[in-house]
Amino acid sequence: MKSRFLSLDILRGITLAGMILVNTSGNGNFTYAPLLHAQWHGFTPTDLVFPTFLFMVGVAMRFSFKSFNYSLTPRVRSKIIKRTLMLFFINYLIFYFPFTDFSIEKMRFLNVLPRIALSYCAVSFITLSAPSTWLTRINVGILFTYWAIMAFFGDTNVPYELSTNAVLKLDLFLFGPDHLYHGNGIPFDPEGLLSTLPAISTCLLGYQASMYLEKQRAINKSPLANLLVYGLALIAIALIWDKVFPINKKLWTSSFVLLCAGIDFILIGLLSWWIETKERHFANTFFLVFGTNSILAYAISEVLAIQMGKIEMPEGNGVTDLGSWLYWHLFEPVFGKYNGSFAYAISFVLVCWSICYVFYRKKWFLKV
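Residues numbered from 1 in each chain as written. Predicted model: local features only at pLDDT ≥ 70, side-chain atom pairs only at ≥ 80, totals over all residues. Heavy atoms only, no water.

> How would you summarise the nonpolar core if you had to cite specific residues and measurements?
Counting residues in hydrophobic clusters, the biggest one holds 107 residues, and the most contacted among them are F55, I116, M150, I268 and F290. Looking at this core, the element that brings in the most residues is helix 9 (residues 254–277), giving 11 residues. Beyond its immediate stretch of four places on either side in the chain, I116 contacts F50, F53, L54, V57 and L87. (Core = buried A, V, L, I, M, F, W, Y, C linked by side-chain atoms within 4.5 Å. Buried < 20%, exposed > 50% of the residue type's maximum accessible area, 1.4 Å probe, protein only. Helix = DSSP H or I, 4+ residues; strand = E, 2+ residues; numbered from the N terminus. Contact = heavy atoms within 4.5 Å.)

> Could you give an account of the packing of aromatic side chains, with specific residues and numbers?
Counted according to the given criterion, the structure contains 31 aromatic pairs. Centre to centre, the rings of W353 and Y357 are 4.9 Å apart; their planes meet at 15°, and the pair counts as stacked. Taken together, the positions of W353 and Y357, both in helix 13 (residues 337–361) and four residues apart, correspond to about one turn of that helix. For Y357, a relative accessible area of 26% translates into the label partly exposed. Following the ring pairs from residue to residue traces out a cluster consisting of F144, Y146, W147, Y160, W241 and F245. A cation over a ring is seen here: R115 above W252, with NZ or CZ 5.0 Å from the ring centre. (Phe/Tyr/Trp six-rings, centres within 6.5 Å; stacked < 30°, edge-to-face > 60°. Lys NZ or Arg CZ within 6 Å of the ring centre and 35° of its normal.)

> Can you break down unusual backbone geometry residue by residue, with the values?
Following F97, the chain continues into P98 via a peptide bond in cis, with omega recorded as 0°. For P98, the location among the structural elements is in the loop between helix 3 (74–96) and helix 4 (112–129). One non-glycine residue, Y70, adopts positive backbone phi at about 55°. Checked against the element boundaries, Y70 lands in the loop between helix 2 (49–64) and helix 3. Even without glycine at this site, W252 takes up a positive phi of about 50°. Along the chain, the position of W252 falls in the loop between helix 8 (224–241) and helix 9.

In structure tokens form, the structure reads like this:
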């Protein structure tokens, strides 16, 4: 573990646990507000989960590229492309397994893992091709370019609304409504192709954070103070930018990128100080189970939730899915509606953790 930062694996584990928690509430109608995404503009703790995971992908890339000597050779290029395609394959396997009701006409092309795949691929080529001194300028260029595209191609006066934004327009043009997410009232994909551009910036900021941590370790200096300053500065810029380009997770706006990155800088600084400097180890193993096998943990949680939704249970004169049945017959009677929904989510996290713990003990890790 000394070749990398234990705190980074811990933060990835915390993020994975949070991702599973907010994705699997017992009943969406009785979920506490902080465990829900912002409906459109705005920010909740739940909105931080996915960008933090993507941020941590960028952090991990810095360590994995060390074995490549940070060089973009033909062999490395093949590995990057292979990993990118493998993430797409795992995504489709998760969401359409066991392919009994698969329909190419209704297939959603983009999702969480495809966004990670595209961001990983782009950041790989950027960081292995460009000098490290260019990375901040590249990041600034990405964020301002995205802002310009959104402002120019969105509808006049309302370029950032649900039905008038450039992300929706491009996805409808490329894929059509049947291949988009339908959970927002209209066909709209929160992991749209255009909004993957600023997601690349999120991943690249994680890579830069990892570079800074390496530099501080080399001179045996705690990174906490500077990371707190950087984090607060990014948050301040995000809040100012929010006035003209609103913080919005579903559009992954540039202000949203900086807000989340600022929070992540602070979290990394605090965890690095707590674990590496103070050598505290409370609950490390729990989060390492998720943090060292994050793709597997995500896959298990999604497959389990999807398959539970397909299992029919008798309910009155009809049927309901297994998850709803467990909520109404086990968790709600004991804990009440809102606490029952929260207890269901915690239980689901623990079930996924128990499965992953078996892999952790046997040192079986899914490496893409």
